[in-house]
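# Working through the structure, step by step
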Amino acid sequence: MKSQKKRMLSGMQPSGRLHLGNLLGALDNWIKYQRDYDAYFFVADWHALSTNYADTHKIREYVQEMLIDWLSAGIDPEKCTVFIQSRLPEHAVLHLLLSMITPVPWLERNPTYKEKIEELRERDLTTYGFLGYPVLQSADILIYKADVVPVGVDQLPHLELTRELARRFNNLYKTVFPEPQPLLTEVPKLLGTDGRKMSKSYNNAIYLSDPEPVVREKLRTMVTDPARIRRTDPGNPDVCPVFSYHKIFSEIGVVDRVNTECRTAAIGCIDCKKLVADRMVHRLDPIWKEREKWVKHPKKVETVVTEGTKKAGQVARQTLDEVREAMKI
Ligand code: TRP
Ligand code: SF4
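Being a predicted model, the structure only gives us computed values, none of them experimental.

Near ligand 1 lie 14 residues; those nearest to it are His-47, Tyr-133, Gln-137, Asp-140 and Gln-155. Side-chain polar atom of Tyr-133 to a nitrogen atom of ligand 1: 2.6 Å apart, as the coordinates give it. Gln-155 has a polar side-chain atom sitting 2.9 Å from a nitrogen atom of ligand 1. For ligand 1, whose unbound accessible area comes to 370 Å², protein coverage reaches 88%. Contributions of two or more residues to the shell around ligand 1 are made by β1 (7-12), α8 (133-142) and β4 (148-151).

Below you can see the structure in the form of structure tokens.
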């Protein structure tokens, strides 16, 4: 039976354990969408090679950690299809076929391409694979004929290229691919414990897999309004990253209370942090409970992926047949 729902697909590179920024920025949306769409979520481990080809020894471990984070947070294999990119060679075949019709200047002008090369200047990213990153991404998307792709703004150029490639293919051969639409969800960037953007590379992240004492300790030592030195100094919540957490995790009454009492030094930072720590623990607790189940039964994770790969493979092979037919190859 063909699903009446629109098809959604998204992927994440396996870059290690997921943090709260990833949860609020992407995963929470995926979890919401899995009810309303025929959703496919996959770990993009080939994409990880594009920047990490020289050091691959952690990739498998990261794939596993990411799957456990997804499943613990609420990605439900009963509702969506979960798989690993590298188990489906069909993606690679479509990548090759699309590469034949991709003008190199389309790839070179991609702003994400230029930015990444700048950002990772210590690595040699002059590779063919890195340039072709968005072609592989296009293959990931088009092979499922996805209608919508939830992504962050940084991925918009890739989505644009995907649509251009779909059009070019359809014009050259035969209409096979729908043009996928990005689904942008603006989420405020979550700050890390040092007040900068939460990021694995800044060492300021709170991970979904951090045990409760670690979460509490990270909050206890988190930076506050730097001008508030003594307990008796009034503070300014507007410049305090702890307050930004209150706005996300605390009830509105508590947010209002902190907002006034900080400014008059009626509340101290220790108590203020304790309040938000309790809320964060409350939010993470169900994830920790779920995690225990998956960590204890790695076979269950494998079953999810095996089933997901089987289901995704059927769709992918069907599309690939149409592609070969259209290209007469
Ligand atoms: N490039 C995406 C990222 O880094 C990961 C990705 C690979 C992806 N293939 C995809 C996302 C297909 C959406 C659809 O976040
Ligand atoms: Fe920040 Fe809370 Fe301290 Fe105010 S009381 S400076 S909001 S931690």
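This part takes up empty space enclosed by the protein. By the definition in use, this model includes one cavity of 30 Å³ or more. What the largest cavity holds in volume is close to 110 Å³. Arg-228, Cys-240, Cys-262, Cys-269 and Cys-272 are the residues nearest the centre of the largest cavity, which is lined by 14 residues in total. Ranked by residues supplied to the lining of the largest cavity, first place goes to helix α13 (residues 269-296) with three residues.

What follows deals with helix α2 (residues 45-52). Among all positions in α2, only Asp-45, His-47, Ala-48, Ser-50 and Thr-51 are buried. Along its buried surface, α2 packs onto β2 (38-43), α3 (59-73), β3 (81-84), α7 (128-131) and α8.

This brings us to the domain arrangement of the protein. Along its sequence, the protein is organised into domain 1 (7-190 + 298-327) and domain 2 (210-290). Each of domain 1 and domain 2 was reduced to a C-alpha centroid, and the two centroids are 36 Å apart. At the interface, nine residues of domain 1 touch nine residues of domain 2. When domain 1 packs against domain 2, close to 730 Å² is buried across both sides, 70% of that on carbon and sulfur atoms.

Rules used throughout
- Residues numbered from 1 in each chain as written.
- Chains lettered and ligands numbered in written order.
- Predicted model: local features only at pLDDT ≥ 70, side-chain atom pairs only at ≥ 80, totals over all residues.
- Heavy atoms only, no water.
- Near = heavy atom within 4 Å.
- Polar contact = N/O pair within 3.5 Å; in protein donor to acceptor, adjacent residues only side chain to side chain.
- Areas by Shrake-Rupley, 256 points an atom, 1.4 Å probe, with all protein chains shown as cover.
- Helix = DSSP H or I, 4+ residues; strand = E, 2+ residues; numbered from the N terminus.
- 1 Å grid on protein atoms, 1.4 Å probe; cavity = no way out; pocket = protein on both sides within 12 Å on 5 of 7 lines; lining within 4 Å.
- Points joined across faces, edges and corners; volume = space filled by probe spheres on them.
- Buried < 20%, exposed > 50% of the residue type's maximum accessible area, 1.4 Å probe, protein only.
- Contact = heavy atoms within 4.5 Å.
- Domains from an automatic or database assignment.
- Buried area = accessible area lost by both parts, 1.4 Å probe.

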